[in-house]
Amino acid sequence: SVSFLGKIDNIAPLLAGAGLGVSAGDRICLVGRNGSGKSTLLKVAAGSIQADTGRRFAQSGATIRYLPQEPDFAGASTTLTYVAAVCDGASANHYRATYLLGQLGLTGAEDPSMLSGGEARRTALARVLAPEPDILLLDEPTNHLDLPGIEWLEKELSGLKSGLLLDSHDRRL
């Protein structure tokens, strides 16, 4: 599980005194206006930024994967190398990375610098899903996805045991 207590924004408190806990099987969606701090909260929960005050706690051994709105493909020569970079080297995880890319309409040989918005989003989704994490933090996961991609994502997420915290404008998701 991962939890957060404290203040996030140094201009005005976003969540002063608030707490958030995510455990296996939880399904939580953040709702709010653009610029209200949903993405910032996800970044704090992921550990990629620090809150001004408060604390973040992740249970020892918990695997947490974060899908940012804008993935960074630096250093990856192919979509498969990008996705497989988070796998522990086990052949089952490599197989899952290849399987997910295929399910998302990618071969694994694509050059990340040449991806369309939808291809980049699908590649980033494969990366966070491949290691089957305990906690998934998804920032606008349906951005740039077409209807078949969104339907695939809904089905994939419904079958996971992972705790899920997401920010989405897609009310159906």
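Anyway, here's the lowdown on the structure attached to this text. All residue numbers here refer to positions counted from 1 along the written sequence of the relevant chain. Confidence filtering applies because this is a predicted model: local features only for residues at pLDDT of at least 70, side-chain atom pairs given and counted only at 80 or more, and all residues used for totals across whole chains, interfaces and linings. Processing note: side-chain calculations cover all non-hydrogen atoms of the structure and skip hydrogens and water entirely.

### A few points about the overall build of the protein chain
- Tallying secondary structure elements over the protein chain gives five helices and seven strands in all.
- In the protein chain, the succession of helices and strands from N to C terminus is β-β-β-α-β-β-α-α-α-β-α-β.
- Burial classes follow relative accessibility: with a 1.4 Å probe on protein chains only, a residue under 20% of its type's maximum area counts as buried, one over 50% as exposed, and anything between as partly exposed. A burial count over the protein chain gives 43% of its 173 residues as buried.
- In this description, contact between two residues means that some pair of their heavy atoms is separated by no more than 4.5 Å. Once local pairs closer than 6 in sequence are excluded, the contacts in the protein chain between residues at least 24 apart make up 69%.
- Total accessible area computed for the protein chain in this model is approximately 9,000 Å², and 50% of it derives from carbon and sulfur atoms. The way it works is that DSSP assigns letters per residue, a run of H or I at least four long becomes a helix, a run of E at least two long becomes a strand, and they are numbered from the N terminus. Areas reported as accessible are Shrake-Rupley estimates using a 1.4 Å probe. Residue values count occlusion only from the protein chains shown.

### A closer look at the environment of Ala58
- In this fold, Ala58 is placed in strand β4 (residues 55-58).
- Among the residues examined, Ala58 registers a relative accessible area of 27% and is labelled partly exposed.
- Linking Ala58 and Ala46, residues 12 residues apart in sequence, is a C-alpha distance of 9.2 Å.

### Digging into the side chain of Glu110
- Mapped onto the elements of the fold, Glu110 is located in the loop between α3 (91-103) and α4 (117-129).
- Here Asp and Glu are counted as negative and Lys and Arg as positive; His is not counted, and neither are the chain ends. The rule for a salt bridge is simple: a side-chain nitrogen of Lys or Arg has to be within 4 Å of a carboxyl oxygen of Asp or Glu. Buried charge without a salt bridge: Glu110, with Arg122 as the nearest opposite-charge side chain at an N-O distance of 7.6 Å.
- Pairing of N or O atoms within 3.5 Å defines a polar contact, subject to two protein rules: one partner must be a possible hydrogen donor and the other a possible acceptor, and residues neighboring in sequence count only if both atoms are side-chain atoms. A polar contact of 2.7 Å, which involves the side chain of Glu110, links it to the side chain of Thr79.
- A distance of 2.9 Å separates a polar atom in the side chain of Glu110 from the backbone nitrogen of Gly108.
- With residues up to four places along the chain from it excluded, the contact list for Glu110 reads Ser77, Thr78, Thr79 and Leu115.

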